Amino acid sequence: MEDAEILDMYFSREEAALSETKTKYGRRLFKVSNNILHSSEDAEENVNDTLLKSWNVIPPSRPLMFGAFLAKIARNLSLNKWEAKNAAKRGGGEVGIMLGELEECIPSADNSPEEAHEALVVTDTINIFLSTLDKPARVAFILRYFHSESISTISTRFKMSESKIKSLLFRTRKKLRTHLEKEGITI
C-alpha cells in the first residue's frame, strides 16, 4: 500500500492504518530500535510505541516522507528508553560510543525556546552539510548516527575495513564541526 493511502487512513481514523504501517515499516522500525536498545523485546515494544505516537500526531501532521518520519519517532523513543535504562551506568555499549563520537561536533540543547530554535538551526545546517558530502560519506554518517548501525555492520555493507570506516566517520565529524563553526554555531 502506498504511503498516501495509509496516511488517508490515519486521517479517516481507520485503525487499519496501524496494521498497514506495521506491515510496510515494522521491520525497519524494529531494526532502528534494536540497533539502539539491543533487546528484541524492547525493540518490539518500541515499534508499538512508535505506532501509537504516529496515531496521536497524524492528524494534524501529514508527513511528506512517512518512512523517515516513523524512523525518527522510533529512534527518539529508543534513545529515550536507552537513556533511562543507562542513567546509572554512563557510557556503556555501542550507543554510548556513538553518542560520545558526536559530542565534539554537536552542541547540546535543553528545552528553553531559544535552545529549541537553536536546535532547529543546527538541524538545518547539518542537513545542508550532509548534502555536500559524497554518497559513501553521507550514507555511512546517516547509518552510524541516525540508524545507530555498528562500525562492523557499516564496514560489511561498504566492503571496507573497520579502520577505514572509522577514519571516514572521523573525517566527516571533523568537517561537520568546521562547517558548524563557520555557520556561527558554537560547540
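Per-chain numbering applies: the sequence of each chain, read as written, is numbered from 1 onward. Per-residue local features are limited, in this predicted model, to residues with pLDDT of at least 70; the limit for side-chain atom pairs, both in listing and counting, is 80 or more; totals at the level of whole chains, interfaces and linings are taken over all residues. Side-chain metrics in this entry use all non-hydrogen atoms of the structure; hydrogen atoms and water are not considered.

> Help me out: how do you make sense of the overall build of the protein in this one?
For helices the rule is a DSSP run of H or I covering at least 4 residues; for strands it is a run of E covering at least 2, with both sets numbered from the N terminus onward. In terms of regular secondary structure, the protein is built from nine helices and zero strands. Seen in sequence order, the protein has helices and strands lined up from the N terminus as α-α-α-α-α-α-α-α-α. The rule is simple: take the accessible area with a 1.4 Å probe, protein chains only, and divide by the maximum for that residue type; under 20% is buried, over 50% is exposed, in between is partly exposed. Here the protein holds 187 residues, and 39% of them are scored as buried. Here a residue-residue contact requires only that any non-hydrogen atoms of the pair lie within 4.5 Å. Taking the contacts inside the protein whose residues are at least 6 apart along the sequence as the reference set, 63% of them involve residues at least 24 apart. Here the protein has roughly 11,100 Å² of accessible surface; of this, 53% comes from carbon and sulfur atoms. Accessible surface area values rest on a Shrake-Rupley calculation with a 1.4 Å probe, where residue burial reflects the displayed protein chains alone.

> Explain unusual backbone geometry to me, please; I cannot follow it from the model alone.
Phi is mostly negative for residues that are not glycine, and the peptide bonds are mostly trans. P59 follows I58 through a cis peptide bond whose omega is -20°. Along the chain, the position of P59 falls in the loop between α3 (40–57) and α4 (66–85). Looking along the chain, the bond that leaves P59 and enters P60 is cis, with omega of 10°. Along the polypeptide, P60 turns up in the loop between α3 and α4. One non-glycine residue, S148, lies in the positive phi region at around 55°.

> Explain the nonpolar core here, please?
Nonpolar side chains in soluble globular proteins tend to be buried together. By size, the foremost hydrophobic cluster in this structure holds 18 residues, and its most contacted members are I126, L130, L169 and L176. For our purposes a nonpolar core is just a set of buried Ala, Val, Leu, Ile, Met, Phe, Trp, Tyr and Cys residues, chained together by side-chain atoms within 4.5 Å. With 17 residues, the next largest nonpolar core counts L7, W55, I58 and L70 among its residues.

> What is the right way to read the packing of helix α2 (residues 16–37) against α3 from this model?
Two quantities define a packed helix pair, namely the angle between the axes and the distance from one axis to the other. Angles run from 0 to 180 degrees between N-to-C directions of axes, and those axes are lines fitted to C-alpha atoms, restricted for helices to the stretch in contact. Where α2 contacts α3, the axes come no closer than 8 Å and their chain directions differ by 135°. Viewed along their axes, α2 and α3 adopt a mutual orientation that is oblique. Judged by the sense of rotation from one axis to the other, the crossing of α2 with α3 is right-handed. Together, A17, L18, T21, K22, G26, L29, F30, S33, N34 and L37 of α2 and S40, D42, A43, E44, N46, V47, N48, T50, L51, S54 and W55 of α3 make up the contact between the two elements. For classification, angles of less than 35 degrees are called roughly parallel, those exceeding 145 degrees roughly antiparallel, those between 65 and 115 degrees roughly perpendicular, and all remaining angles oblique. Helix crossings are classified by the rotation of the near helix relative to the far one: an anticlockwise turn of less than a right angle makes the crossing left-handed, while a clockwise turn makes it right-handed.

> Can you help me understand helix α9 (residues 162–182) in this one?
Think of an α-helix as 3.6 residues a turn; residues three or four steps apart then line up on the same face. A helix is expected to reach a length of 1.5 Å times the quantity of its residues less one. Compared with the 30 Å implied by 1.5 Å per residue over 21 residues, the 30 Å span of α9 between its first and last C-alpha is a close match. Restricting attention to buried positions, one finds in α9 the residues I165, L168, L169, T172, R173, L176, H179 and L180. The buried residues of α9 occupy an angular sector of 135° when the element is viewed end-on, so they sit on one face. Along α9, exposed side chains directed more than 90 degrees from the buried face belong to S163, K174 and K182. At the exit of α9 stands G184, carrying a positive phi of roughly 85°. Our arc is simply the arc of the directions from the helix axis toward the C-beta atoms.

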